[in-house]
Amino acid sequence: MQQVYRVTRRVAPSNASVLILGETGVGKELIASAVHRLSHRSGAPFVRVNCGALSESLLESELFGHVRGAFTGAVANRAGRFEAAQGGTIFLDEINSTTLTLQVKLLRVLQEKEFERVGDTSTFSTDVRIIAASNRDLMNEVREERFREDLYWRLNVVPVEIPPLRRRREDIPALVSFFLEHYNEINDRYVVHIAPGTLEAMQDYHWPGNVRELQNYIERAVVMSETDELTLDLLPLCVTNRDVAVGTEKPIGDMNELTREVVMKGLGEADTGEGGVHSLVVDRVEKELIVQVLSACGGVQTKAAAMLGINRNTLHKKIKDYGLDDSDNGNS
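Notes on the structure follow.

## Concerning the packing of helix H8 (residues 172–187) against helix H10 (residues 210–224)
Where H8 meets H10, the closest approach of the two axes is 9 Å, and the angle between their N-to-C directions is 45 degrees. Looking at the two axes, H8 sits oblique to H10. The two elements H8 and H10 meet at a crossing, and its hand is right-handed. Between H8 and H10, the residues in contact are Leu175, Val176, Phe179, Leu180, Tyr183, Asn184 and Asn187 and Val211, Leu214, Gln215, Ile218, Glu219, Val222 and Val223, respectively. Each residue belonging to the contact of H8 with H10 can be placed in one class, and the counts come to 10 nonpolar, three polar and one charged.

## Quick notes on the environment of Glu116
Looking at the element boundaries, Glu116 is found in strand E4 (residues 114–116). When the C-alpha positions of Glu116 and Val67 are compared, they lie 9.9 Å apart, and in sequence the two are 49 residues distant. Once residues within four sequence positions are removed from consideration, Glu116 is found in contact with Phe64, Arg108, Thr121, Ser122 and Thr123. In this structure the side chain of Glu116 is engaged in a polar contact, spanning 2.7 Å, whose partner is the side chain of Arg108. Side chain to side chain, Glu116 and Thr123 meet in a polar contact 2.9 Å long.

## Focus on the packing of aromatic side chains
As enumerated under the stated definition, the model contains nine aromatic pairs in all. One aromatic cluster is present, formed by Phe64, Phe82, Phe115 and Phe124 through successive ring pairs.

## Structural notes on the side chain of Ser39
By secondary structure assignment, the location of Ser39 is in the loop between helix H2 (28–37) and strand E2 (46–50). Side-chain polar atoms of Ser39 contact the backbone oxygen of His36, separated by 2.7 Å. Leave out the neighbours within four places in its chain, and Ser39 touches Ala12 and Arg129.

Rules used throughout
Residues numbered from 1 in each chain as written. Predicted model: local features only at pLDDT ≥ 70, side-chain atom pairs only at ≥ 80, totals over all residues. Heavy atoms only, no water. Axes fitted to C-alpha atoms, helices over the stretch in contact; angles between N-to-C directions. Helix = DSSP H or I, 4+ residues; strand = E, 2+ residues; numbered from the N terminus. Parallel < 35°, antiparallel > 145°, perpendicular 65-115°, else oblique. Left-handed = near helix turned anticlockwise from the far one by under 90°. Contact = heavy atoms within 4.5 Å. Nonpolar A, V, L, I, M, F, W, Y, C, P; charged D, E, K, R; others polar. Polar contact = N/O pair within 3.5 Å; in protein donor to acceptor, adjacent residues only side chain to side chain. Phe/Tyr/Trp six-rings, centres within 6.5 Å; stacked < 30°, edge-to-face > 60°.

Pasting the structure below:
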């Protein structure tokens, strides 16, 4: 996080576009707001737009405005968010949710500093700094042809990647103290002590909802506490039992990060002196991969071998070695 703060302070005085990356709930909007407050545009508006909350037509009208009669319900001229943010900063959250058509228009705003309202032919000039955010890997979205590469490079002048809370567990005590103070004040409570083992339980939890999830649990604890102490029984079972909350899943992160976590867990559990790491990590991953691919192919080994990129005899041997079901749905 110190690196995030350094980049934020360094880029703020410039006019460069900023791309903030991170999982849901890590605080991307807070960093965007900090960039604006530390810039020479701080006296002008900071306008937030959630690109994932609106359809393409509504989002285009929201961003660029429209003229009367442009579409059903357009009964008067309306200025968009880019006009509202004139001289200031516009924050485009969930930029990955925009369509390819709208991305072309955003690219024009970035390059030419101009746009047209929906249904209008007049061109408006704009002096707005753009900060975008995404909870997905935009480079992967480019490879999947869901995001324009030219727009990606125009947005990605200065990238800021915010790590998930599970990768900065040392921040949890400070965040807990901050949220306790905040929710004590607005709820007229006095929960100022933390019971032994409570912080440790929170630091052991994986936090799929990141800081937003932590904030929610602290607010709940302050409201429900009958004493001046934050205790384990005020936290959800998913935290105290080190389990995943009902209805949620552990976040799917970058492939490299997931691989690193699997390897680190294997190193912690395997007997490295007996060559146990390979068996625990590589063999288990390969076995699970074969199981999932066979399931996806309906148990047909020929199809599974093609999907895995190996010949059928090799797959057949691995199935035997791993003790998997050797049925082949008639395709032997």
